[in-house]
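# Remarks on the overall topology
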Amino acid sequence: MSNTDPLTFFRTLTTIPRDSGDEKKVAEYLISFAEKRGLEAVKDDADNVIIRKPAAAGYEKAPVLVLQSHSDMVYVKGEDSPHDYNSPLELIEEDGFLRAEGTSLGADNGIGMAFALAILDSGDLPHPPLEVLFTSGEETGMIGAGALSPSALEGRRMINLDSEWEGVYIVGCAGGVTPVFTRKTDWETAPAEYKGVKLKIGGLAGGHSGVEIDKGRGNAIRMLARVVYAANTGLGACVGAISGGSKVNAIPDHGEVVLFVRDEDALKVLVEKYDAAFRYELSASDKDVRLFLEPWEGDNRVMTADTLQDTLTLLLTIPANLQTMNMHLDNLVESSNNIGILRCDKEEVTITCSIRSSVGTLKEMMRDQMTVLAKAAHAQVRFENDYPEWAFSVDSPLRSKAVEVYQELYGKKPEIISIHAGLECGFFKALYPDMDIISVGPNLTDVHTPRERLEIASARRVYRWLLKLLAALKE
């Protein structure tokens, strides 16, 4: 077994600034790394880097294996952190974990890079011919994977090193697209006898729309629309500014709207009714949900009846939350849509969603639904950031061998899952339909936050498993 410690390379990577969109320095490091070891390396215009290493003795006839990770990280720091982005991260090892003081650690996906670099560095490992691919811009739209040339890779079996759970093999992921609805806003002045109040919704759990969409959590935007519709149709309320959510891939946990009503007491009764209804409906997932009213001292501009009607048509009928479940894998969401962001200004209402599906035809069906709905609501819809799914494959020799090696080392079977979130593997599968892929990695927690941690023992175990698997891929 190699004596090269992948954590040595990981520590080196934490000295290189590599936030998404700033991968040039890490790409230069990778090219220099390869040149010093006499390895073939190429970099494309997207700052993707491929390093090739010949087969070890006795493995010359084995098929090429691709090891893949992404070179960018999500750099975030705490509000009180004095860290300068261009300075090395301040690493702290405690309680068996590695973290960075005041900043994200970048183990997503730096530890995957480190595994690959340690393998490239070693001269005594048994392994098939290797193509090691480091992609750019994964965290901001899988930019490098989307820019990869079809002729870039020879290998047709790939180990993606971008998972965050030891003993869990990812074998499929959702594709997705971002629908953005816009509807021109027309305004008028609220009747003189109407009083303005602000209605807020809060206390919701929110969460990642690819991970928690099946948890039954409340969507603040949809819930807000329900109350607005009831206030408009039941009390004749007029509607001013309305907004909700902050990230397209997060289930919105807050929202607010300015309502103008003749009878404020009647509105309070209506709000109390929906407050109780939401607490009952969401008692298992969002027990702290609350509706509350605040005074409004702003302008008395309200939407015209047609603008409001079209806005509510969209907010109440856009497909939302979980849509279908996979019938082949237990507890796997197959398709969903998250209404993630609602904004309203002087010019237009904007509603931004996130469609996810592991079945391409279902994604297309939801796109068609939204196209038809936009027309009915006198709105426009455009579709951005389209990325392909990675469908579960029943036949996977690489997965079978990986499971076999795992059982030998751990004495139990790994968990095989498909996830309802996007991975670069979808792009690779679309580019190379015959590519056999699994995604693996060690235990990481709180990625993309200053609390991010890497379990050191887990990293060492996963690396040992990876070396055993490489040795087993002689055919």
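In what follows, the accompanying structure is described. Everything numeric here is computed off the predicted structure, so don't read it as measured data.

Quick look at the overall build of the protein now. From N to C terminus, the protein includes 11 helices and 23 strands. The C-alpha radius of gyration computed for the protein amounts to 26 Å, which stays within 12% of the reference 23 Å derived for 475 residues, consistent with globular compactness. Oriented by its inertia axes, the alpha-carbon framework of the protein measures out at about 85 × 50 × 45 Å. A burial count over the protein gives 54% of its 475 residues as buried. Within the protein, residue pairs in contact and separated by at least 24 positions form 79% of the contacts whose partners lie at least 6 positions apart.

Tallying each qualifying case throughout the model produces 26 salt bridges. Salt-bridge contacts for Lys200 lead to Glu294; the nearest nitrogen and oxygen are separated by 3.5 Å. One end of the pair, Lys200, is in strand E11 (residues 195-202); the other, Glu294, is in strand E14 (residues 290-295), with 94 residues separating them in the sequence. Notably, a salt bridge pairs Asp386 with Arg367, separated by 3.0 Å at the nearest N-O pair. Linking Asp386 in strand E19 (residues 380-387) with Arg367 in helix H8 (residues 360-376), this pair joins segments that are 19 residues apart in sequence.

This next bit is on the sheet that holds strand E23 (residues 453-455). Pairing between the strands of a sheet comes from backbone hydrogen bonds, and it takes one of two forms, parallel or antiparallel. Taking strand neighbours across the sheet as the criterion, the four strands line up as E4-E5-E23-E22 in an open arrangement whose pairing is antiparallel. With partners counted over all chains shown, the strands left at the sheet margins are strand E4 (91-94) and strand E22 (444-445), one partner each. Summarising the sheet, E4 and strand E5 (residues 97-100) pair through four bridges and their orientation is antiparallel. Paired with Leu91 across the bridge in E5 is Ala100.

A few words now on the pairing of E11. For E11, the tally of buried residues reaches six of eight residues, placing the bulk of the element in the interior. As paired elements, E11 and strand E13 (residues 255-261) share seven bridges and run antiparallel to each other. Bridge pairing in E13 links Leu199 to Val257. Pairing between E11 and E14: six bridges, direction antiparallel. If you follow Lys200 over to E14, its bridge partner there is Phe292.

On to the nonpolar core, then. Core analysis: the biggest nonpolar cluster contains 61 residues, and Leu117, Ile119, Phe134, Ile159, Leu454 and Trp465 have the highest contact counts within it. Element by element, the count of residues in this core is highest for helix H3 (residues 107-121), at 10 residues. Residues contacting Phe134, with those up to four places away along its chain left out, are Leu30, Asp47, Asn48, Val49, Ile51, Ser69, Met113, Ala116 and Leu117. In terms of nonpolar packing, the next biggest core, distinct from the first, is built from 49 residues, Val177, Ala231, Tyr274 and Leu291 among them.

Here we come to the pairing of strand E21 (residues 436-439). Neither face of E21 is exposed, since Asp436 and Ile438 on one face and Ile437 and Ser439 on the opposite face are all buried. Sheet topology note: the strand E7 (residues 157-160)/E21 ladder contains four bridges and is parallel. Directly across from Arg157, in E21, lies its bridge partner Asp436.

Attention now moves to the packing of aromatic side chains. By the definition in use, this model includes eight aromatic pairs. Taking the centre distance of 5.7 Å and the plane angle of 55° together, the rings of Tyr274 and Phe278 count as tilted. Here Phe278 and Tyr274 lie together in helix H6 (residues 264-281), a separation of four residues that amounts to about one turn. Overall, Phe278 belongs to the buried group, its relative accessible area being 1%. A network of ring pairs unites the aromatic residues Tyr169, Tyr406, Tyr410 and Trp465 as a single cluster. The cationic tip of Arg301 hangs over the ring face of Trp187; the distance from NZ or CZ to the ring centre is 4.3 Å. When the ring centre of Phe97 is taken as reference, the NZ or CZ atom of Arg453 above it lies at 3.8 Å.

In this structure, Asn109 follows Asp108 across a cis peptide bond, with omega equal to 10°. Here Asn109 lies in helix H3. A positive phi angle is found at Asn385, which is not glycine, with a value near 55°. Relative to the assigned elements, Asn385 resides in strand E19.

This part is about a nonpolar patch on the surface. On the surface, a cluster of nonpolar side chains totalling about 270 Å² of accessible area is made up of Phe392, Val394 and Ile416. Along the chain, Val394 falls in the loop between E19 and helix H9 (397-410).

Below, the discussion takes up the packing of helix H2 (residues 24-36) against H3. Across the interface, H2 lies against H3 with an axial gap of 12 Å and an inter-helix angle of 20°. In terms of orientation, H2 and H3 fall into the roughly parallel class. The two elements H2 and H3 cross, and the hand of that crossing is left-handed. Of H3, the residues touching H2 (which contributes Val26, Tyr29, Leu30 and Phe33) are Met113, Leu117, Leu120 and Asp121. Broken down by class, the residue content of the contact of H2 with H3 amounts to seven nonpolar, no polar and one charged.

The rules we used
Numbering of residues starts from 1 in every chain and runs along the sequence as written. Reporting of local features is limited, given that this is a predicted model, to residues whose pLDDT is at least 70; pairs of side-chain atoms are given and counted only at 80 or more, and all residues count toward the totals for whole chains, interfaces and linings. Derived side-chain values reflect all non-hydrogen atoms in the structure, with water molecules and hydrogen atoms excluded from consideration. Put simply, DSSP marks the helices as runs of H or I at least four residues long and the strands as runs of E at least two long, and each gets a number from the N terminus on. Taken over C-alpha atoms, the radius of gyration is set against a globule rule of 2.2 Å times the number of residues to the power 0.38. Each residue is assigned to one of three classes by its accessible area relative to the maximum for its type, calculated with a 1.4 Å probe on protein chains only: buried under 20%, partly exposed between the two thresholds, exposed over 50%. It only takes one pair of heavy atoms within 4.5 Å for two residues to be counted as in contact. Each salt bridge in this description consists of a side-chain nitrogen of Lys or Arg and a carboxyl oxygen of Asp or Glu lying within 4 Å of one another. The rule for pairing is simple: two strands pair if DSSP sees at least two bridges between them. What we call a nonpolar core is a set of buried Ala, Val, Leu, Ile, Met, Phe, Trp, Tyr and Cys residues that are connected through their side-chain atoms within 4.5 Å. Between the rings of Phe, Tyr and Trp (Trp by its six-membered ring), a pair exists once the centres lie within 6.5 Å; its type follows the angle of the planes, with under 30 degrees stacked, over 60 edge-to-face, and the other angles tilted. By definition, being over a ring means that NZ of Lys or CZ of Arg is both within 6 Å of the ring centre and within 35 degrees of the ring normal. Grouping into patches uses exposed residues only, defined as over 30% relative accessible area, and leaves out salt-bridged ones; the cut-off is 9 Å for like charges and 5 Å for nonpolar side chains (Val, Leu, Ile, Met, Phe, Trp, Tyr). Using the Shrake-Rupley algorithm and a 1.4 Å probe, accessible areas are obtained, with residue cover drawn only from the displayed protein chains. Angles here are taken between N-to-C directions and fall from 0 to 180 degrees, while the axes themselves are lines fitted to C-alpha atoms, restricted in helices to the stretch in contact. If an angle is under 35 degrees, it is roughly parallel; if it is over 145, roughly antiparallel; if it lies from 65 to 115, roughly perpendicular; otherwise it is oblique. By definition, any crossing whose near helix is turned counterclockwise from its far helix by less than a right angle is left-handed, and any crossing with a clockwise turn is right-handed. Ten residues, namely Ala, Val, Leu, Ile, Met, Phe, Trp, Tyr, Cys and Pro, are considered nonpolar, four, namely Asp, Glu, Lys and Arg, are considered charged, and the remaining ones, Gly among them, are considered polar.

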